[in-house]
Structures are given as C-alpha cells and as structure tokens.
Amino acid sequence: MTLDLLTPLAGFGFGLSLIVAIGAQNAFVLRQGLLRKHVLAVVAVCALSDALLILLGVGGAGIVFTALPWLTTVVRIAGAAFLLGYAVLAARRAMTPKAMDADSPAASSAALPTVLTCLALTWLNPHVYLDTVVLLGSVANTHGEARWLFGAGAAVGSVVWFAALGYGARLLQPVFAKPVAWRVLDAIIAVVMVGIAASLLLGL
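Notes on the structure in this doc start here. (Residues numbered from 1 in each chain as written. Predicted model: local features only at pLDDT ≥ 70, side-chain atom pairs only at ≥ 80, totals over all residues. Heavy atoms only, no water.)

## Things to note about the pattern of salt bridges
All chains considered together, the criterion is met by two salt bridges. Residues Asp186 and Arg31 are paired through a salt bridge, measuring 2.8 Å at the closest nitrogen-oxygen approach. One end of the pair, Asp186, is in helix α9 (residues 179-202); the other, Arg31, is in helix α2 (residues 24-35), with 155 residues separating them in the sequence. Just as Asp186 is buried, Arg31 falls in that class too. For Arg93, the salt bridge is made with Asp186, and the minimal N-O distance between the two is 3.1 Å. Taken together, the residues span a long stretch of sequence, with Arg93 in helix α5 (residues 69-94) and Asp186 in helix α9 at a distance of 93 residues. The exposure class assigned to Asp186 is buried, which follows from its relative accessible area of 2%. (Salt bridge = Lys/Arg side-chain N within 4 Å of Asp/Glu carboxyl O. Helix = DSSP H or I, 4+ residues; strand = E, 2+ residues; numbered from the N terminus. Buried < 20%, exposed > 50% of the residue type's maximum accessible area, 1.4 Å probe, protein only.)

## Re the packing of aromatic side chains
Counting across every chain of the model gives three aromatic pairs. Centroid distance Phe14 to Phe150: 6.1 Å. Interplanar angle 45°. Geometry classified as tilted. Remark: Phe150 occurs in helix α8 (residues 147-168) and Phe14 occurs in helix α1 (residues 2-19); sequence separation between them is 136 residues. With a relative accessible area of 2%, Phe150 lands in the buried category. (Phe/Tyr/Trp six-rings, centres within 6.5 Å; stacked < 30°, edge-to-face > 60°.)

## A closer look at the environment of Ile196
Note that Ile196 resides in helix α9. Owing to a relative accessible area of 14%, Ile196 belongs among the buried residues under this scheme. Residues Ile196 and Leu83, 113 residues apart in the sequence, show an inter-C-alpha distance of 7.6 Å. The residues contacting Ile196, other than those within four sequence positions of it, are Gly23, Ala24, Leu83 and His127. (Contact = heavy atoms within 4.5 Å.)

## Description of the packing of α2 against α9
Axis separation between α2 and α9 bottoms out at 10 Å; the angle between their running directions is 160°. Our classification of the angle between α2 and α9 gives roughly antiparallel. Every pair of crossing elements has a handedness; the one defined by α2 and α9 is left-handed. Counting all contacts with α2, which are made through Ala24, Ala27, Leu30, Arg31, Leu34 and Leu35, the residues of α9 involved are Trp182, Leu185, Asp186, Ile189, Val192, Met193 and Ile196. (Axes fitted to C-alpha atoms, helices over the stretch in contact; angles between N-to-C directions. Parallel < 35°, antiparallel > 145°, perpendicular 65-115°, else oblique. Left-handed = near helix turned anticlockwise from the far one by under 90°.)

## Concerning the environment of Leu35
Considering the arrangement of structural elements, one finds Leu35 in helix α2. In this structure the C-alpha to C-alpha distance between Leu35 and Ala169, which are 134 residues apart in sequence, comes to 8.8 Å.

## Re unusual backbone geometry
Trans is the common state for peptide bonds, and a negative phi is the common state for residues other than glycine. Here the phi dihedral of Arg36 falls at roughly 55°; this positive angle occurs in a residue that is not glycine. Within the chain, His38 stands out as a residue other than glycine whose phi angle is a positive 55°. Within the secondary structure, His38 sits in the loop between α2 and α3 (39-58). The partly exposed category is assigned to His38, whose relative accessible area is 27%.

Worth remembering: the numbers are spatial, not functional.
The following block contains the structure:
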C-alpha cells in the first residue's frame with residue numbers, strides 16, 4: 001500500500017522537476033493566462049500532450065529516438081525554425097509601446113491559431129521528447145510493474161502545473177496593466193525562444 005502511494009508521488013515530483021522551468025511552452029501558457037484567452041484549451045493541449053508523451057515513454061518509445069538519431073536531428077531543425085519565427089513576433093510586440101488589455105480586440109485571437117501554436121511549441125521541441133519520452137520513461141521503467149503508477153503521477157503533475165500557470169497568471173494582471181510590463185515579458189519570451197533555438201542548433 002505504501003509503495004502504491006509513494007510511486008505516483010515520485011512520478012509527480014519528477015514530472016514537475018522537468019516542466020517547472022522557463023521554456024517556450026511555459027512562456028506561451030503564461031502569456032495566454034495573462035490575456036485570459038483560450039486558457040482552458042491551452043492548458044488542455046499541454047496537459048494531454050504531456051500525458052501522451054509520458055505514455056509513450058513509459059511504454060518504451062524512447063528506444064526509437066536512440067535507434068534513429070536522424071529523427072532527433074529533424075525535430076531539432078524544425079523546432080529551432082519555429083522558435084526563431086515566434087521569437088521575431090515576440091520581439092515585434094516588445095517594441096510596441098502599449099498595454100495588452102485582455103478585453104481589447106488586439107488581445108483577441110481565434111482559438112484555432114492559438115491551439116495550433118501551442119501544439120507546435122509542444123511537439124516541435126525535441127527537449128520534450130528527450131525529457132519526457134526518454135528520461136522520464138527510463139526512470140519510470142526502473143519501477144517495474146509500478147511504472148504506470150509513476151507515469152500517472154507525472155501526468156497529474158503536468159495537469160497541476162499548467163492549470164496553476166494558466167489560471168494563476170491572472171493574479172499578475174495589475175502589474176501587466178502597464179505597457180512596459182508587456183514589453184519586458186515579450187522581450188524575455190523572445191530571448192528565451194532564441195536561446196532554446198540556439199541550443200537546439202548547437203546540439204546538432
């Protein structure tokens with residue numbers, strides 16, 4: 001009974017340790033949370049994507065990336081190209097001296113483009129595969145038959161984190177009533193995106 005409880009808790013903690021960091025996906029979730037636009041859809045895409053990747057990792061799909069190194073290279077190049085494009089958009093927003101009111105037309109964006117951007121930021125990031133599928137999957141498989149409990153704990157961790165980030169972001173709304181706050185956020189997002197893209201390309 002103790003093992004059944006500790007294993008998912010270990011997965012929960014390990015999963016959080018992998019996703020609680022400044023990255024492309026988290027930056028996007030934070031921004032959508034601040035804008036209060038399609039937050040549920042974005043949180044759902046991130047959490048469900050993580051759950052699927054964890055499922056693949058626990059099921060042993062990490063072997064594919066080990067056996068086919070060229071696949072990782074393709075994902076790295078595609079991911080870097082997308083992140084650089086997103087960085088340009090963020091940099092352009094950073095140079096626009098105005099606040100983003102969550103209720104203004106400028107803040108509005110159709111659900112489909114938002115979801116597609118979220119999917120791209122998630123699935124075109126090779127770090128997601130290396131961390132979730134390969135690393136988390138490897139650690140989960142050290143738990144033998146209890147590996148699925150470990151994976152379930154990690155999946156719950158993802159849900160908790162993305163929900164907290166997306167819906168907790170509104171607590172910062174008073175700060176982002178000022179144009180300079182949005183400019184600083186978008187500047188940071190642009191730098192993060194460029195940094196991640198550079199790390200992907202340098203890792204080839």
